[in-house]
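Each chain is listed here by its residues.
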Amino acid sequence: MQLERLSNNILQTQMNLSVEQLIQDFNLSRKSSLYTDKTRRYYSQQLSHFQTWLVGKDIIIVDQITPSLIRLFLSEHADRGEKPNTTHARYRAIKTFLRWLENEELLLKNPIAKVGPPKVPKELQPPLKDDELNKIISYLEREKGNLAIRNRALFYLLLDSGIRIEECLKLRIGDINQEGTFVVHGKGQKDRLVRISGTTHGYLSKYLKIRNGQDGSPLWIGVRGEMTINGLMETLEKLGKKVKVHLSAHEIRRTFAVKSLKNGMNLRALQLLLGHADISTTTRYLDLAESDIIDQHKLASPVENLRVCRLTR
C-alpha cells in the first residue's frame with residue numbers, strides 16, 4: 001500500500017512538470033539521439049509555438065492538454081489560411097512530443113490519440129519538363145570557367161542520384177568510387193547506397209581536378225569555403241532565373257523519381273534510392289509518372305497511326 005502511494009506521488013510530481021520544461025527535455029533527447037540540426041530546429045520551433053499558444057490559454061501543466069485544445073490549436077491556424085502542409089507539420093511535432101512523454105511515463109493519457117491528423121491534399125508539384133531540362137543543360141554546357149564546371153557537376157549529380165540537398169552537402173572527396181556508387185547518410189541516421197552514371201561521373205571528375213582537395217574534405221565549395229544549404233539553394237535559384245525555369249533541389253529530386261519510373265525502374269528500387277522509410281511516400285510519384293498517358297496515347301495509338309483507318313473513317 002505504501003509502495004503504491006509512493007508510486008502515485010512520484011507520478012503526480014511528474015504530471016506537474018511544466019510544458020516548457022518538458023519541451024526542453026524533449027529537445028535534449030533529440031540532440032542526444034543525434035538527430036540532424038534541421039530536424040531539431042523543426043521540433044524546437046513548432047513546439048515553442050505550441051507552448052506559447054498554450055500559455056495564452058492559461059495552460060502550463062502538461063496534463064492540462066486535452067484533445068479539444070489540440071483541435072482548437074490546429075483549427076485556428078487553418079482558419080487563418082495556413083497551408084495544410086504547415087498545419088500538418090504542427091500536428092506531427094505535437095504528436096511526436098506527446099508520444100515521447102508517454103514513452104517516458106510522464107503522461108497518463110495521450111490526448112492526441114483521439115485527434116485525427118489534418119487532411120493534406122495529395123497533389124504533387126510536377127517534375128521539370130523535358131524542354132526545361134534542355135534549357136538548363138544547354139546553358140550549363142555553354143558556360144565557361146571553374147564555377148560553371150562545379151555547377152555542371154552539381155546539377156548532374158542531383159539529377160542522376162535524387163539525393164536530398166542535405167545529403168549532397170555531406171559528401172566528401174573520395175566518397176564516390178570509380179564505379180559511381182557511394183553511401184548517403186540520410187534521414188534518421190540511415191545509410192543507403194546510391195549511384196551516378198558514367199556521364200555524371202565524368203562531369204564530377206572534371207570538377208575534382210579544379211577542386212584540388214584531399215580525401216575527406218567537403219566535396220562542394222563556394223567562394224567563401226564549404227558550400228552551405230543556403231548557398232546551394234541560391235546557386236540553383238540563380239541558374240533557374242538565367243534560363244527562366246523555376247528550379248530547386250526538391251524539383252530536381254522529384255524529376256529524378258518520375259523520370260526513373262518512366263524509364264522502367266521498379267517502385268521498390270526507387271524507394272531504396274530515395275531513402276523513403278514508407279513505400280507509400282514513393283507511390284505518390286506514380287501519379288506524376290502516369291499523368292501524360294493520354295498525351296502519349298494520342299501520339300502512339302495503333303489505330304490513329306493506321307493509314308487505312310484514316311482513309312475509311
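What counts, and at which threshold
- Residues numbered from 1 in each chain as written.
- Predicted model: local features only at pLDDT ≥ 70, side-chain atom pairs only at ≥ 80, totals over all residues.
- Heavy atoms only, no water.
- Helix = DSSP H or I, 4+ residues; strand = E, 2+ residues; numbered from the N terminus.
- Buried < 20%, exposed > 50% of the residue type's maximum accessible area, 1.4 Å probe, protein only.
- Contact = heavy atoms within 4.5 Å.
- Areas by Shrake-Rupley, 256 points an atom, 1.4 Å probe, with all protein chains shown as cover.
- Core = buried A, V, L, I, M, F, W, Y, C linked by side-chain atoms within 4.5 Å.
- Lys, Arg positive; Asp, Glu negative; His and termini not counted.
- Salt bridge = Lys/Arg side-chain N within 4 Å of Asp/Glu carboxyl O.
- 1 Å grid on protein atoms, 1.4 Å probe; cavity = no way out; pocket = protein on both sides within 12 Å on 5 of 7 lines; lining within 4 Å.
- Points joined across faces, edges and corners; volume = space filled by probe spheres on them.
- Nonpolar A, V, L, I, M, F, W, Y, C, P; charged D, E, K, R; others polar.

Enquirer: Whenever I open this one, the overall build of the protein confuses me. Can you help?
Expert: The number of helices and strands found in the protein is 15 helices and 4 strands. Sorting the 313 residues of the protein into buried and exposed places 37% on the buried side. Counting only contacts in the protein whose residues sit at least 6 apart along the sequence, the fraction spanning at least 24 positions is 61%. Working note: accessible area of the protein is about 19400 Å², and carbon and sulfur atoms make up 52% of it.

Enquirer: Mind showing me how you'd approach the nonpolar core here?
Expert: A general feature of soluble globular proteins is that nonpolar side chains tend to end up buried together. In terms of nonpolar packing, the biggest core is built from 48 residues, with Ile-136, Phe-155, Leu-157, Ile-163, Leu-204, Trp-220 and Leu-232 touching the most fellow members. In terms of residue count, helix H7 (residues 146–161) provides more of this core than any other element does, 8 residues in total. Ignoring sequence-local partners within four residues, the contact set of Ile-136 consists of Leu-128, Phe-155, Leu-239, Val-243, Val-245 and Leu-247. Grouped together as the second largest cluster of nonpolar side chains are 27 residues, Leu-22, Tyr-43, Leu-98 and Val-115 included.

Enquirer: How do you make sense of unusual backbone geometry when you look at a structure like this?
Expert: In most cases, non-glycine residues show a negative phi, while peptide bonds are predominantly trans. The phi torsion at Glu-105 lies on the positive side, around 60°, for a residue other than glycine. Mapped onto the elements of the fold, Glu-105 is located in the loop between helix H5 (84–103) and helix H6 (130–142). Backbone geometry at Asn-212 places phi at a positive 50°, although glycine is not the residue there. With respect to the element layout, Asn-212 can be found in the loop between helix H9 (198–211) and strand S3 (221–222). Given the relative accessible area of 66%, Asn-212 is considered exposed.

Enquirer: Where do I start with the side chain of Arg-254 in this structure?
Expert: Structurally, Arg-254 can be placed in helix H11 (residues 249–262). Although Arg-254 is buried, it forms no salt bridge, and the closest oppositely charged side chain is Glu-251 at an N-O distance of 4.1 Å.

Enquirer: Would you take a moment to explain the layout of surface pockets for this structure?
Expert: Any space left empty among the atoms is revealed by the rolling of a water-sized probe across them. Reported here for the second largest pocket is a volume of approximately 530 Å³. Surrounding the second largest pocket, 21 residues form its lining, Leu-147, Arg-150, Gly-231, Thr-235 and Lys-238 being those nearest its centre. Elements that contribute at least two residues to the lining of the second largest pocket include exactly H6, H7, strand S4 (225–226) and helix H10 (229–243). In terms of residue count, H10 provides more of the lining of the second largest pocket than any other element does, 6 residues in total. Of the residues in the lining of the second largest pocket, the class split is 7 nonpolar, 6 polar and 8 charged.

Enquirer: Help me understand the pattern of salt bridges in this model?
Expert: Per the counting criterion, the structure on display carries 11 salt bridges. For Glu-167, the salt bridge identified is with Arg-164, shortest N-O distance 2.6 Å. Considered together, Glu-167 and Arg-164 belong to a single accessibility category, that of buried residues. In this structure, Glu-237 and Lys-241 form a salt bridge, with 3.5 Å as the shortest nitrogen-oxygen distance. With Glu-237 and Lys-241 both in helix H10, this residue pair falls 4 residues apart, about one helical turn.

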